[in-house]
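Coordinate analysis (summary)
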Amino acid sequence: MDDGTSQSSAAAPMTRENIPLLNRQRNRWYSFSCWKKWFRPRELRARNVNLGRPNTEKFPPNEIRNQKYNFITFLPLVLFEQFRFFLNLYFLLMALSQFIPDIRIGYPYTYWGPLGFVLMVTICREAVDDLRRHQRDHEVNSQKYKRLSATHGNGYEMVPSSKLKVGDVIIVEKNERVPADLILLRTSDRSGSVFVRTDQLDGETDWKPRLAVPYTQKLSRDADLYNIDASFYVEKPQNDIHSFIATFCMTDGSEDTGLSVENTLWANTVVAAGTATGIVIYTGCETRSVMNNSQPRSKVGLLDTEINGLTKVLFCAVLGLSLVMMMLKGFGGPWYRYMFRFVLLFSYIIPISLRVNLDMGKAFYSWQMQNDDNIKGTVVRSTTIPEELGRISYVLTDKTGTLTQNEMVFKKIHLGIVSHDADTFHHIGQMIQKLSGNILQQQQQQGSLSSSSSAGENKPIMFAGNRMRRPEGWREWEAVRALALCHNVTPVSDEEDNRSVSTASTVTGGNNSPTKSVINIEAPGSTDTEHQYQAASPDEIALVKWTEQVGLTLIARDLNTMTLQVKTASDENDILLHYQILQLFPFTSESKRMGIIVRESKTGQITFYLKGADVVMSTIVQYNDWLSEESGNMAREGLRTLVVAKKVLTEEQYNDFEMRYNAARLSITDRVAKVTAVTESLEREMELLCLTGVEDRLQENVRPTLELLRNAGVRVWMLTGDKLETACCIAKSSQLIGRNQGLYVLRSVKTRTEAHQELNHFRRKQGHALVISGESLEVCLQYYRLEFLELATASPAVVCCRCSPTQKAQVVALIQKHTRKRTCAVGDGGNDVSMIQQADAGVGIEGREGRQASLAGDFSIPQFSHIAKLLLIHGRRSYKRSAALSQFVIHRGLIITTLQAVFSAVFYLSSVALYQGFLMVGYSTLYTMFPVFSLVLDQDITSETAVTYPELYKDLSKGRSLSYKTFFIWVLISIYQGGVIMYGALILFVDEFIHIVAISFSALIMTELIMVALTVRTWHRLMVLAELFSLALYLISLAVLHEYFDWEFIWSYDFLWKVSLITVVSCLPLYIIKFLRKKCSPPSYLKLS
């Protein structure tokens, strides 16, 4: 308690003691101070977490919440979002005005009906979407975990993840999601290590080792954690997933241990093997995964923004037209009342049905996407932005699990004089089986000689001195053994305790040993069982699995020993080879290689194995006359190459190296450089054993999909958290980079000068794709943001490696801001959520990395190849159809407003409605709604043409289907047709005013139906049905609505020829212009079809 008191008193600026003093001096600021105190963001600070004792400090609840609304905020926020649109706000004001008797025109339902329908559709849609989010959140928050409890008989209680608090000690089983940020206290493995999968956090599928706190790992059981008096001092929450600072200390001061990121389990990672016990240190919004995710934003499509701009132009037209009428009428009397009545009369120039039609159209486009048999499994989670898919200029994609399948497959091995692939791998297995007798004989000979002379001296005499004495297949055996030994892979078993096999591997020999029992259970020849491996790199697992396939199996490993099993012709006589691990040199991005020094237990022979990239190994190995050519061939096949070499050491050589190596590791100054120098002294004149090629399997049809996008004018960026070398390899194998394009790797930069030099170098590399790391990206954006973005956005492709989730979202935002183009983000992991939410169109792939990205995306697809059809076919159709639909709905409002304006001008500038009551409602609903809405079935080209000629997609990004040019063309058409209809009716009518209404309204309906027919490019049977159905409804109305139409005049010959004449004059010139334009200047898609 004293510690807590001292900590709270240390936070001087924000304590309770200071605030009242300020308030006494300035009482007028009291309410403002309270407001700031209640609504300010929670201050993030370091904390003490007690082990086994309750924590008095309050922290955020451990809940996942993706909902946009709650019960109180739902209606206000939804209405606010709707009335942000000028169109809806305008009609709300018009509808409210109908409660004022002096300016009321017609019936209130003609205004409130359409507005209420629009709002009801939107509210229901938002309610359903948010209810689904709530159900998904509830499913995750209710997942049960074991929490240690001293009061329960079995030692733990099951609690949902939402009830976990800071200081709780929980047990996470194998394949369980970690519910909060933990410090690892104990593991089921005696070494205190556990492997976790972090793909949901950083996108890397490699298993990462984590270590328990040494002091707590030594305890005999979990219950003993409550018997020690200890605490953790933990840094304040932050979003850096690669660093962590904390201290474990006993209250009596007997133990004080520094902790790093290796001692943590971050939320949303998964325990890959074993059982982990940890203490909760961060919950809810303070966890690393949540702090790396951006808040979901309400996305508004570019088409909606453009239509919003057009409605503002139409509003100005309404005001201008009303002002002209008032100027002609004069400003005498209550002119403002007349002015507002004119505004109401001309308000149909801004059609409220536009929002309804667009929303219904979007729902239809979404239904079509989900029911397309060519992209089965597609789910549309956001029905508000399907048109965005038709105007994408940049696709930003994750690598692991999106472009690739997360499956490494060993494809080829080259031994200098012979090459083996999948067709001849079985020959290597046969050779090893034949050599098993020689291997056993060699072990026995070396074992007998080891008593009289060192093994290092005898080995060269037997095999290295005279190569011809080596038996057939010995080169293959050496290569396979090197691959089986030179790695950092640990075999695991699926026993109930999920313990690593390595815990039993210290016992060597004896038929009843634990190692031998594992061998009998999981014999390589058995088809029922398969070995499982854990490692920090999937490449290494692929190599070890391949050695198992050809007959050399890794069956046990711990920190100091390794056991291999050689398959013989008879499974009962399999040979065990035991090795002692003397030194391990892990892979780093700087060295681009890893090595291991092992001693064979029976012979005592010491061998140094090394494997790495060909660029560094070519200067290390002895025989490399074929290496450069073959590694180039494999790289062109899209394979990830590794060069493997070995060097036999004498006891004296190794002792000398060990002494110098240990001295370098203890050095205080230049430790890294000295250790590297000592290691490189050993890497000389090594014997080249083989060159391997491993393929990271691409998703189905990734190459043709990327080529389609490239031809469609879409620039593809790959944003990955993986290593630079891996990213480059996938970029080449997936053909993200075109055949004639080079690849420029921006070297690591840390200063402004280095960034300036590298950007200048890249500027001279025209047509090259760019590869850059996350650290270099930060430096370039800090000093040369505009210059870098200009170069990067002009590049045909960009690969960003080692990107954090926040960086991915930042890159998307920068492209949006700099280019003003539409972006699409594609990902499959939790680390892609921020990027998906930031993009204009977010696409989540439901794959091996879970459903987090799929649920967060606006669209969900089962595989990357669907993105091409989603953009080229459905994106194109959605945009084209919505553009035509919106312009036609605007035309429908403009033409009737023109009629009203001509009518008012002719009849003494009266503010009287031309069409009363039901005619106005029926015009925009029963009589024209179905044909106009049937435009959502229209298509300019077939699906096959859209995919065969992806170049057609380029024009869509220019936005020519809906622009101010096309808008003003429709305005002119509407003015012409409205003028023809109204003046034609005025000229041709004889005696009664009702005849003007009948002639003009009938000609108006016929003109609209014919204009829909002229707009259609590909007829659908439902379009024909909609036209006939609307015409039939109108003909019935003519017979039924006697208060609007004169029955005798309707059945007269005069009515028929007058309506026909007006309709022909209003439509025929437009058809002639369209026909001539189609012949003289046809669009590009017509040339193809």
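Because the structure is predicted, anything quoted here is derived from the model rather than measured. (Residues numbered from 1 in each chain as written. Predicted model: local features only at pLDDT ≥ 70, side-chain atom pairs only at ≥ 80, totals over all residues. Heavy atoms only, no water.)

1. Some words on the overall build of the protein
Check the secondary structure of the protein and you find 39 helices and 33 strands. Of all intrachain contacts in the protein linking residues separated by at least 6 positions in sequence, the fraction that spans at least 24 positions is 73%. In the form shown here, the protein has an accessible surface area of approximately 49400 Å², with 56% of it arising from carbon and sulfur atoms. (Helix = DSSP H or I, 4+ residues; strand = E, 2+ residues; numbered from the N terminus. Contact = heavy atoms within 4.5 Å. Areas by Shrake-Rupley, 256 points an atom, 1.4 Å probe, with all protein chains shown as cover.)

2. Topic: the packing of helix H15 (residues 474–485) against helix H17 (residues 538–549)
With their axes 9 Å apart at the nearest point, H15 and H17 run at an angle of 135° to one another. It follows from the interaxial angle that H15 and H17 lie oblique. Handedness of the H15/H17 crossing: left-handed. Here Val-480, Leu-483 and Ala-484 of H15 come into contact with H17, specifically with Leu-543, Val-544, Trp-546 and Thr-547. For the contact of H15 with H17, a count of residues per class yields 6 nonpolar, 1 polar and no charged. (Axes fitted to C-alpha atoms, helices over the stretch in contact; angles between N-to-C directions. Parallel < 35°, antiparallel > 145°, perpendicular 65-115°, else oblique. Left-handed = near helix turned anticlockwise from the far one by under 90°. Nonpolar A, V, L, I, M, F, W, Y, C, P; charged D, E, K, R; others polar.)

3. Examining the sheet that holds strand E15 (residues 392–397)
An order of E14-E33-E32-E31-E15-E27-E30-E29-E28 is seen for the 9 strands of this open sheet, with the pairing classed as mixed. The outermost strands of the open sheet, each flanked by one partner alone, are strand E14 (379–380) and strand E28 (743–745). As paired elements, strand E32 (residues 841–845) and strand E33 (residues 859–861) share 3 bridges and run parallel to each other. Of the residues in E33, the one forming a bridge with Gly-844 is Ser-860. (Pairing = 2+ DSSP bridges.)

4. Notes on the pattern of salt bridges
Inspection of every chain in the model, using the stated rule, returns 32 salt bridges. Glu-57 is the partner of Arg-45 in a salt bridge, and the nearest nitrogen-oxygen pair spans 2.6 Å. Of this pair, Arg-45 sits in the loop between helix H3 (30–39) and strand E1 (47–51) while Glu-57 sits in the loop between E1 and helix H4 (74–83); the two residues are 12 residues apart in sequence, bridging distant segments of the chain. For Glu-57, a relative accessible area of 26% puts it in the partly exposed group. Between Asp-940 and Lys-880 there is a salt bridge; the shortest N-O distance is 4.0 Å. With Asp-940 in the loop between helix H32 (929–933) and helix H33 (943–948) and Lys-880 in helix H30 (residues 866–906), this residue pair connects regions lying 60 residues apart in the sequence. (Salt bridge = Lys/Arg side-chain N within 4 Å of Asp/Glu carboxyl O. Buried < 20%, exposed > 50% of the residue type's maximum accessible area, 1.4 Å probe, protein only.)

5. Overview of the nonpolar core
In this structure, Phe-859, Phe-864, Ile-867, Leu-870 and Leu-871 are the most contacted members of the largest nonpolar core, which totals 103 residues. Those residues in contact with Ile-867 that sit more than four places away from it in its chain are Thr-705, Leu-709, Cys-824, Val-826, Val-843 and Ile-861. Counting residues in hydrophobic clusters, the runner-up holds 44 residues, among them Ile-428, Leu-483, Val-489 and Trp-546. (Core = buried A, V, L, I, M, F, W, Y, C linked by side-chain atoms within 4.5 Å.)

6. Describing the side chain of Asp-130
In this structure, Asp-130 sits in helix H6 (residues 109–141). A polar contact of 2.8 Å, which involves the side chain of Asp-130, links it to the side chain of Arg-133. In this view, Asp-130 contacts Gln-67, Lys-68 and Tyr-69; residues no more than four positions away in its chain are not counted. (Polar contact = N/O pair within 3.5 Å; in protein donor to acceptor, adjacent residues only side chain to side chain.)

7. Observations concerning helix H21 (residues 671–682)
The terminal C-alpha atoms of H21 lie 17 Å apart, and with 12 residues this matches the ideal 16 Å at 1.5 Å per residue to within 8%. Those residues of H21 that sit buried are Val-675, Val-678, Thr-679 and Leu-682. When H21 is viewed along its axis, its buried side chains cluster within an angular range of 95° and face the same direction. Next to the buried residues of H21 lie strand E22 (575–585), strand E23 (593–600), strand E24 (606–612), strand E25 (640–649) and helix H20 (651–665). (Expected span 1.5 Å × (residues − 1). Arc of directions from axis to C-beta.)

8. Digging into unusual backbone geometry
The backbone phi angle of Asn-268 is positive, close to 75°, even though this residue is not glycine. Checked against the element boundaries, Asn-268 lands in the loop between strand E11 (264–265) and strand E12 (270–273). With a relative accessible area of 12%, Asn-268 lands in the buried category. A positive phi angle, close to 60°, is found at Arg-820, a residue other than glycine. On the secondary structure map, Arg-820 appears in the loop between helix H27 (805–819) and strand E31 (822–827). Owing to a relative accessible area of 68%, Arg-820 belongs among the exposed residues under this scheme.

9. A look at the packing of aromatic side chains
Under the counting rule described, the total for this entry stands at 32 aromatic pairs. Between Tyr-915 and Phe-1001 the ring centres are 5.0 Å apart and the planes differ by 65°, which places this aromatic pair in the edge-to-face class. Linking Tyr-915 in the loop between H30 and helix H31 (918–924) with Phe-1001 in helix H35 (residues 993–1015), this pair joins segments that are 86 residues apart in sequence. On the basis of relative accessible area, Tyr-915 is assigned to the buried category, the value being 3%. Residue classification places Phe-1001 among the buried residues on the basis of a relative accessible area of 0%. Taken together, Tyr-915, Tyr-923, Tyr-927, Phe-1001, Tyr-1034 and Phe-1045 form an aromatic cluster joined through their ring pairs. Its guanidinium or amino end placed over the ring of Tyr-338, Lys-329 lies 5.1 Å from that ring's centre, counting from NZ or CZ. (Phe/Tyr/Trp six-rings, centres within 6.5 Å; stacked < 30°, edge-to-face > 60°. Lys NZ or Arg CZ within 6 Å of the ring centre and 35° of its normal.)

10. Brief notes about the environment of Gly-893
When you line up the elements, Gly-893 lands in helix H30. Aside from chain neighbours lying at most four places away, what touches Gly-893 is Tyr-348 and Ile-349.

11. A look at helix H12 (residues 353–370)
For H12, with 18 residues, the first-to-last C-alpha span of 26 Å sits near the 26 Å given by 1.5 Å per residue. The buried fraction of H12 amounts to 13 of the 18 residues, a majority that puts the element mostly inside the structure.

12. Observations concerning a nonpolar patch on the surface
Judged by side-chain polarity, Tyr-107, Tyr-109, Phe-918, Leu-926, Phe-930 and Phe-1029 come together as a nonpolar surface patch covering roughly 550 Å² of accessible area. Within the element layout of this structure, Tyr-109 appears in helix H6. (Patch = residues over 30% accessible without salt bridge, like charges linked within 9 Å, V, L, I, M, F, W, Y side chains within 5 Å.)

13. Some points on the sheet that holds strand E26 (residues 687–698)
Strand order across the open sheet formed by 9 strands is E17-E16-E26-E25-E24-E23-E22-E21-E20, with antiparallel pairing between neighbours. Taken across any chain shown, the strands that pair with only one partner, and hence form the sheet edges, are strand E17 (419–421) and strand E20 (552–557). The average angle at which neighbouring strand axes cross in this sheet is 30°, direction not considered. Here 7 bridges tie strand E16 (residues 404–414) to E26, and the two strands are oriented antiparallel to one another. Counterpart to Ile-413 in the pairing with E26 is Thr-692.

14. Focus on the confidence of the model for the protein
Averaged over every residue, the pLDDT of the protein is 82; residues scoring 70 or more account for 86%. Low pLDDT, under 50, characterises residues 1–39; the predicted model gives this stretch 11 contacts beyond four residues in sequence or across chains. (pLDDT = per-residue confidence, 0-100.)

15. Observations regarding the side chain of Asp-398
Relative to the helices and strands, Asp-398 resides in the loop between E15 and E16. One polar contact links Asp-398 to Lys-808, side chain to side chain, over a distance of 3.3 Å. Not counting the four nearest positions on each side in its chain, Asp-398 is found in contact with Leu-403, Leu-719, Thr-720, Lys-808, Val-826, Gly-827, Asp-828, Asp-832 and Met-835.

16. Remarks on the pairing of E31
The element E31 is extensively covered by neighbouring structure, given that 6 of its 6 residues are classed as buried. Going residue by residue along E31, you find Arg-822, Cys-824 and Val-826 tucked away on one face and Thr-823, Ala-825 and Gly-827 tucked away on the opposite face as well. Across 5 bridges, E15 lies against E31 in parallel orientation. Paired with Val-395 across the two strands is Cys-824, which belongs to E31. Pairing of E31 with E32, which is carried by 4 bridges, proceeds in the parallel orientation. Within the sheet, the bridge partner assigned to Ala-825 lies in E32 and is Gly-842. Handedness of the crossover is the feature at issue here: the chain leaves E31, passes through helix H28 (residues 833–838), returns alongside E32, and the resulting connection is right-handed. (Right-handed = clockwise from strand over helix to strand, strands pointing away.)

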